[in-house]
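The primary structure of each chain is shown beneath.
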Amino acid sequence: MNSSYLAFYPDRINIIASKGWFQALILVCLCLILYFPNLGGIDLWGSDEPRYAEIAREMVADGHWIVPHFNGEVYFDKPPLFFWFVGLFSLIGGEVTEFTARLPAALMALGTVLVVFFLGKKLLNQRVGFLAALMLATSPQFHKYARLVRLDLPFTFFITLAIASFLYGRIAAKQKKWYFFASWFFMGLATLLKGPLGIFLPLCVIFFYLLFNKELRFFKQIQPLSGAILFFFVVFVWFIPAHLSGGSEYTEGNTVKHGFMRLINPWNHSATFYYYFPELLVGAAPWSLFLPSALILCFSQKHTESRKRMLFPSFWFLVIFIIFNLSLSKRAGYLLPLYPAVAILVATFWDDFLNSLQPSRAISIPVYVLIASLALGVVVFPVWMRHEYGSYSYGFLIAFCALSLAALFFILFRKGKYKTLLVSIIVAAIVPEILTNQILLPRQNKYESEKPACEKIVSIVGTDGRWAVYKGFRNAYPFYVKNYPKRINNQKDLVAFLGSSQQVYCLIDKNEYQKLQKDEKISASSVCNINSNGKELLLVTNK
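Residues numbered from 1 in each chain as written. Predicted model: local features only at pLDDT ≥ 70, side-chain atom pairs only at ≥ 80, totals over all residues. Heavy atoms only, no water.

## Considerations on helix α11 (residues 197–212)
No. 1: A rise of 1.5 Å per residue sets the reference length of α11, with its 16 residues, at 22 Å; its end C-alpha atoms lie 22 Å apart and thus fit the reference within 8%.
No. 2: Among the residues making up α11, those that are buried are Leu197, Gly198, Ile199, Leu201, Pro202, Cys204, Val205, Ile206, Tyr209 and Leu210.
No. 3: After α11 finishes, the residue Lys214 shows a positive phi value of roughly 55°. (Helix = DSSP H or I, 4+ residues; strand = E, 2+ residues; numbered from the N terminus. Expected span 1.5 Å × (residues − 1). Buried < 20%, exposed > 50% of the residue type's maximum accessible area, 1.4 Å probe, protein only.)

The following block contains the structure:
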């Protein structure tokens with residue numbers, strides 16, 4: 001076996017670099033490969049990406065740094081920290097682009113992977129840290145959000161830093177208080193990013209962990225008074241100017257309505273009680289298959305140092321998972337703060353298994369489930385690719401690869417090549433993510449992007465013309481047109497708008513326009529046809 005092959009073995013890395021810098025370098029390179037290529041080559045999709053990018057654009061263009069605005073109006077949903085990051089990165093080039101809007105999430109994904117590496121190393125050993133970081137970096141949902149203009153990944157970064165700082169303080173022999181101060185500081189930043197959940201989640205994890213261990217007195221050591229003062233200082237540096245500028249309606253909207261109220265009011269994010277189980281299973285695949293075994297390992301061991309170190313990641317996972325399951329508002333990205341805990345638990349399970357090399361149902365069941373899932377892909381992938389991209393060819397290619405992997409995993413497991421099996425699973429998790437970035441997303445972009453439609457609009461309306469959208473407002477419109485459209489949702493306002501003495505434009509669904517003209521409800525002429533996300537729209541004008 002040659003040295004280049006040995007270098008891939010997780011347990012051989014210690015021979016190359018005992019202090020861990022080499023593993024950290026590998027992780028940085030892996031994240032650069034997974035998260036950054038083609039980061040700005042894909043247009044902003046959906047509702048969240050263009051909305052958050054537009055908020056940052058208006059910060060840079062209009063100076064709304066304290067009270068964020070969207071489409072020229074105050075934006076109540078989120079505090080401004082994420083938009084500050086995007087805005088500051090965009091100041092270098094002078095404008096917010098797809099790349100600068102996605103860059104903070106990608107950088108914080110890299111940061112979260114490194115934090116998990118050092119935390120796993122501190123809690124257990126170097127191999128656990130390295131494996132946990134690899135597992136986190138290659139989890140599909142983590143990879144997905146690392147390349148989106150969304151708050152979930154940056155929020156996860158600060159939550160992970162807050163929890164890691166607490167754990168470092170608990171383990172440290174000296175200077176404990178500085179770690180605890182760091183934990184309060186990062187909870188403050190998490191709150192500035194996504195509201196009160198930034199402090200609620202870490203404190204719940206810490207509280208229930210200490211309660212389980214009958215160590216609630218330890219709360220006195222985490223600097224509750226001075227730490228809370230530091231937390232409120234971080235938050236109120238923004239909160240007070242925001243209150244003075246935006247008023248109580250704005251600040252209450254951030255702290256109450258769009259903070260804790262999301263837990264008890266689903267708005268448009270309601271889902272079934274079991275929603276998060278399949279989401280976690282797929283989002284953390286293939287590592288999620290080993291999570292039940294890891295939890296059993298943790299709670300079945302008695303009075304061992306390994307069990308004590310695994311308890312906190314277990315509570316980290318369980319507390320956050322239960323909180324969001326009880327919440328009425330559910331979205332896949334909400335679970336991201338528990339992904340680091342999943343990675344540490346599964347890495348500990350594999351480390352324990354590789355130390356003993358004693359096969360049991362705890363390892364064989366998830367491995368065989370993984371093999372069976374890949375074999376099932378022979379049927380699923382061609383159908384899925386045909387539905388998504390109109391072609392069976394890619395689907396059959398992926399199905400062949402999945403079947404080959406299933407055979408490889410089966411042979412390696414049956415022959416007891418467990419280390420090679422683990423490396424193969426890691427590589428198998430990396431390759432699809434690279435192919436997604438370079439092949440699938442660019443191919444899907446032409447179906448999802450609203451940028452071409454916006455470019456057609458701006459070529460007619462310009463950046464200073466008056467225009468509106470009737471019953472079909474999309475968040476991409478103000479970002480790509482760089483001109484705030486008026487939202488119109490009823491015929492009365494539409495008639496009033498088109499009755500203006502100045503020339504105005506309105507984007508309207510073609511069928512809706514024909515119906516209104518037939519009923520003689522409006523007087524406007526069509527300027528051009530616009531296709532956006534499969535919908536036929538018309539840009540009409542009153543002149």
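## With respect to the packing of aromatic side chains
No. 1: Tallied over the entire structure, the rule returns 43 aromatic pairs.
No. 2: Residues Phe185 and Phe186 carry aromatic rings whose centres are separated by 5.6 Å and whose planes lie at 65° to one another, so their mutual orientation is edge-to-face.
No. 3: When its relative accessible area of 17% is taken as the criterion, Phe186 is described as buried.
No. 4: The rings of Phe166, Phe180, Tyr209, Phe212, Phe218, Phe299, Phe312 and Phe315 are connected pair by pair, giving a single aromatic cluster. (Phe/Tyr/Trp six-rings, centres within 6.5 Å; stacked < 30°, edge-to-face > 60°.)

## Considerations on a nonpolar patch on the surface
No. 1: Where nonpolar side chains cluster on the molecular surface, the patch consists of Leu376, Val378, Val379, Val380 and Leu403 and spans about 420 Å² of accessible area.
No. 2: With four residues, the single largest contributor to the nonpolar patch is helix α17 (residues 361–389).
No. 3: Take Val378: it is sitting in helix α17. (Patch = residues over 30% accessible without salt bridge, like charges linked within 9 Å, V, L, I, M, F, W, Y side chains within 5 Å. Areas by Shrake-Rupley, 256 points an atom, 1.4 Å probe, with all protein chains shown as cover. Salt bridge = Lys/Arg side-chain N within 4 Å of Asp/Glu carboxyl O.)

## Some remarks on the environment of Leu131
No. 1: Within the fold, Leu131 resides in helix α7 (residues 126–137).
No. 2: Residue classification places Leu131 among the buried positions, given a relative accessible area of 0%.
No. 3: Residues Leu131 and Ile344, 213 residues apart in the sequence, show an inter-C-alpha distance of 8.0 Å.

## Structural notes on the nonpolar core
No. 1: Judged by nonpolar contacts, the single largest core of 161 residues is most densely connected at Tyr35, Phe158, Phe317 and Trp350.
No. 2: Among the elements that line this core, the one with the most residues is helix α6 (residues 98–123), at 13 residues.
No. 3: Here Phe317 is in contact with Leu280, Leu291, Leu295, Leu338, Ala341, Val342 and Leu345, once residues within four sequence places are set aside.
No. 4: In terms of nonpolar packing, the next biggest core, distinct from the first, is built from 15 residues, Ile508, Tyr513, Ile522 and Ala524 among them. (Core = buried A, V, L, I, M, F, W, Y, C linked by side-chain atoms within 4.5 Å. Contact = heavy atoms within 4.5 Å.)

## As for the packing of helix α3 (residues 21–35) against helix α19 (residues 418–448)
When two helices pack together, their arrangement is given by the angle between the helix axes and by the axis-to-axis distance.
No. 1: Contact geometry for α3 and α19: axes closest at 8 Å, N-to-C directions at 40°. Here α3 lies oblique to α19, going by the angle between them. Contacts from Leu30, Ile33 and Leu34 of α3 reach α19 at Ile430, Glu433, Ile434 and Asn437.
No. 2: Class assignment for the residues of the contact of α3 with α19 results in five nonpolar, one polar and one charged. (Axes fitted to C-alpha atoms, helices over the stretch in contact; angles between N-to-C directions. Parallel < 35°, antiparallel > 145°, perpendicular 65-115°, else oblique. Nonpolar A, V, L, I, M, F, W, Y, C, P; charged D, E, K, R; others polar.)

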